[in-house]
Amino acid sequence: MTILSLESVSKQYGENPLFTDVTFGIERGEHVGVIGVNGSGKTTLLRIAAGVEDPDSGRVTRMSGIRVAYLPQNPNLDPDMSVFDAVFAGESPMTQLLREYEQISAALARTPDDSALLDRLNELAPHMDARNAWEAETAARTILSQLGLANDIDKRLGALSGGQRRRAAMAQALIEQPDVIVLDEPTNHIDTDTIAWLEGYLARMNSALFLVTHDRYFLDRVVSRMIELDRGRVFTYAGNYAGFLEQKAAREERAVAAEEARQNLLRKELAWLRRGARARTTKQKAHVQRVHDLMEQRSDASQGTVDIDVAGARRIGKRVIELRHVSKRYADRTLIDDFSLEVSAADRIGIIGPNSSGKSTLLNIIAGSVATDSGAAVRGETVHLAYYDQESAALDESQRVIDYIRDAAEQVRGADGALASAAQMLERFLFPSKAQWMPIAKLSGGERRRLYLLRKLMFAPNLLLLDEPTNDLDIQTLTVLEDYIDSFKGAVIAVSHDRYFLDRVAQRLLAFTGDGQIREYPGGYSLYEEFRAREAAAATSEPPRRARTEAPARPRREGPRRLSANERRELKTLEARIPELEARQAALSEQLNGVDDDYQAYQRLADDIAQVAADLEAAMERWVELAELAEQSG
């Protein structure tokens, strides 16, 4: 059942149309992700769907009685309001009931002998029972705890950081449990553990979701349909991000084939006209009209992508950065305690940890912008450092785009040694000539970050410091940046909460664990999760102590465990089943590509693909487990 729909919606700012004739609907309980390059109109589309902004033309229809919650990237909350008042500000009867219950509970915690409060609490209990509100009350407490707000409930929003205020706005939307939740970059400014909890919570929610995020793991695990904004048009793909990639590749192949067919037909028609073939006038006019039609058609090939074609890193010596017993405190908080690190010329280091734990401080110490309390940060003589900070501190929003780049250099040497003008570099970073003369203040948040990235890379650094590079950058730009890092001839140190990005680029992780301690783990984020799971299991599984009079335990058989007969049969079955599942998945994907406007058939096939993918993943995991045992046992 469609509960929110957009019909022939268009939006334009000045002379620049964002999108035209956009039509789609959101079903009850459906989870939809939006993807597109920065500046394509993703945030505007969300605002229109949420009712915060009106389209220039077209219609937005919401089913009568549905409630929509919208979480923007920068929520506008009353700074004088308490966190409690903000998160329980919803208008639903359930939220109002929870609000009063939590208020009385908090008051009773301060004055447990207040008889009037006890009486009112007893009066509320039947209402909580009648509405089955106890589960919602437990969920509300979980939300506050997981978002790190449980200890700040009485604080004023004005006293909190921007990230904390954003989490308060998110808590309000989750506690309200509306019919539709519209989320603009929900993973920005929260740590990896909170992101993992949030994706699990949203995946289980009955509310419909309409969201923009650059977090590819998040899209894989939460959404069931993808919408792509591409040059003002909307393309819909069933399934999650992985399904989107497969279907988009198929669409682009069809678009390339269609463009080749168009070009071939156009050549034939032009050849016919040039020969001046004799034909009745009406037929000749038809050929002319066909040529005009063919020339006006535009290809559906993929939109442009960022081209990071800048000169390679300058030569770098053996010594890059060495931290020697570094410590740093702010007020009564120890952020870094006696930490040492040696960075080599080809290092790829990721940094993770809770918010405000000291990650950016560590980067600032390495950059030389923050002094240590003790210890030393020693930089090699050949190091040329580029620091891509969170706030884009060196970005002057009053400047025009072209002037901001020209201030750095009129020309930039590309990776092939050829010189490119500032305007040409901007075009490679998806700033067309018209956009180059705009004030930076008129750019979207993602466009500003992309512009800032270009200027940082123009000087051919050999040490890249990246503080949350995935915030506000679209997935296409992130993919190009990841490829650039692969071939970068220098060291990279990146603070990020984006698990996919860390898996993609990091060779080791520095994890802030609290109280100034930083632990090092090999590999990317997924391997880090495995290490943490093993550590947690080891910490909670102490072997039982035997009494002194207990008989000695039977010696354990040395050597690996052998597969049982049943496990060997299971392994053989899986080796036959996995190719069958892969063939089934490919066949379903081929059928899906052939579906045009039949949404129900499209959804059925998408559900079948999701089920086959889950079966295939489970079969592969079991096969790996049994195959490793078989290999160990010979």
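Residues numbered from 1 in each chain as written. Predicted model: local features only at pLDDT ≥ 70, side-chain atom pairs only at ≥ 80, totals over all residues. Heavy atoms only, no water.

**A short note on the pattern of salt bridges**
Phase 1 of the analysis: Taken as a whole, this structure holds 34 salt bridges when the rule is applied.
Phase 2 of the analysis: Where Arg-231 meets Asp-230, a salt bridge forms, and the shortest distance between an N and an O atom there is 2.8 Å.
Phase 3 of the analysis: The salt bridge involving Arg-450 is made with Asp-474; its shortest N-O contact spans 3.9 Å. On the criterion of sequence distance, the pair formed by Arg-450 in helix 15 (residues 445–457) and Asp-474 in the loop between strand 17 (463–467) and helix 16 (475–487) is long-range, its members being 24 residues apart.
Phase 4 of the analysis: Accessibility expressed as a relative area gives 0% for Arg-450, which makes it buried. (Salt bridge = Lys/Arg side-chain N within 4 Å of Asp/Glu carboxyl O. Helix = DSSP H or I, 4+ residues; strand = E, 2+ residues; numbered from the N terminus. Buried < 20%, exposed > 50% of the residue type's maximum accessible area, 1.4 Å probe, protein only.)

**A look at the packing of aromatic side chains**
Phase 1 of the analysis: Overall, the coordinates contain twelve aromatic pairs when judged by the stated rule.
Phase 2 of the analysis: Measuring from ring centre to ring centre gives 4.9 Å for Phe-84 and Phe-88, while their planes differ by 40°; the resulting arrangement is tilted.
Phase 3 of the analysis: The buried category is assigned to Phe-84, whose relative accessible area is 11%.
Phase 4 of the analysis: For Phe-88, a relative accessible area of 3% puts it in the buried group.
Phase 5 of the analysis: Judged by centre distance (5.5 Å) and plane angle (50°), the ring pair of Tyr-525 and Tyr-528 falls under tilted. Placement of both Tyr-525 and Tyr-528 in helix 18 (residues 525–540) is noted, with a separation of three residues, approximately one turn of the helix.
Phase 6 of the analysis: Here Arg-450 stacks its cationic end above the ring of Phe-431, 5.1 Å away from the centre of that ring.
Phase 7 of the analysis: The ring of Phe-531 has Arg-534 sitting right over it, with the charged end atom 5.7 Å from the ring centre. (Phe/Tyr/Trp six-rings, centres within 6.5 Å; stacked < 30°, edge-to-face > 60°. Lys NZ or Arg CZ within 6 Å of the ring centre and 35° of its normal.)

**A look at helix 5 (residues 133–146)**
Phase 1 of the analysis: Spanning 14 residues, helix 5 covers 20 Å between terminal C-alpha atoms, matching the ideal 20 Å at 1.5 Å per step.
Phase 2 of the analysis: Considered for burial, the residues of helix 5 that qualify are Ala-133, Ala-136, Glu-137, Ala-139, Ala-140, Ile-143 and Leu-144. All buried residues of helix 5 fall inside an arc of 160° around its axis, so they share one side.
Phase 3 of the analysis: Contacts from the buried residues of helix 5 go to helix 2 (83–87), helix 3 (93–110), helix 4 (115–130), helix 6 (162–176) and helix 7 (192–204).
Phase 4 of the analysis: Two residues or fewer after helix 5 comes Gly-148, characterised by a positive phi angle close to 75°. (Expected span 1.5 Å × (residues − 1). Arc of directions from axis to C-beta. Contact = heavy atoms within 4.5 Å.)

**Side note on the sheet that holds strand 1 (residues 2–13)**
Phase 1 of the analysis: The three strands lie next to each other as 2-1-4, forming an open sheet whose pairing is antiparallel. Every interior strand has two partners, whereas the edge strands, strand 2 (16–27) and strand 4 (57–62), have only one. Each strand axis lies, on average, 15° off the axis of its neighbour in the sheet, ignoring direction.
Phase 2 of the analysis: The pairing of strand 1 with strand 4 spans five bridges and is classified as antiparallel. Along strand 4, the bridge assignment pairs Ser-5 with Thr-61.
Phase 3 of the analysis: Here helix 1 (residues 42–50) sits on the sheet in contact with strand 1, strand 2 and strand 4, set at roughly 130° to strand 1. (Pairing = 2+ DSSP bridges. Axes fitted to C-alpha atoms, helices over the stretch in contact; angles between N-to-C directions.)

**Notes on the packing of helix 4 against helix 5**
Packed helix pairs are characterised by how far apart their axes lie and by the angle those axes make with each other.
Phase 1 of the analysis: Contact geometry for helix 4 and helix 5: axes closest at 6 Å, N-to-C directions at 95°. Taken together, helix 4 and helix 5 sit at an angle that is classed as roughly perpendicular. Residues Ala-125, Met-128 and Asp-129 of helix 4 lie in contact with helix 5, whose contacting residues are Ala-133, Trp-134 and Glu-137.
Phase 2 of the analysis: Residue composition of the contact of helix 4 with helix 5, grouped by class: four nonpolar, no polar and two charged. (Parallel < 35°, antiparallel > 145°, perpendicular 65-115°, else oblique. Nonpolar A, V, L, I, M, F, W, Y, C, P; charged D, E, K, R; others polar.)

**Topic: the packing of helix 5 against helix 6**
Phase 1 of the analysis: Here helix 5 crosses helix 6 at 160°, and the two axes come no closer than 10 Å. In terms of orientation, helix 5 and helix 6 fall into the roughly antiparallel class. Between helix 5 and helix 6 lies a crossing of right-handed hand. Residues Ala-140, Ile-143 and Leu-144 of helix 5 form the contact with helix 6, whose participating residues are Ala-171, Leu-174 and Ile-175.
Phase 2 of the analysis: Split by residue class, the contact of helix 5 with helix 6 holds six nonpolar, no polar and no charged. (Left-handed = near helix turned anticlockwise from the far one by under 90°.)

By themselves, these figures tell us nothing about what the structure is for.
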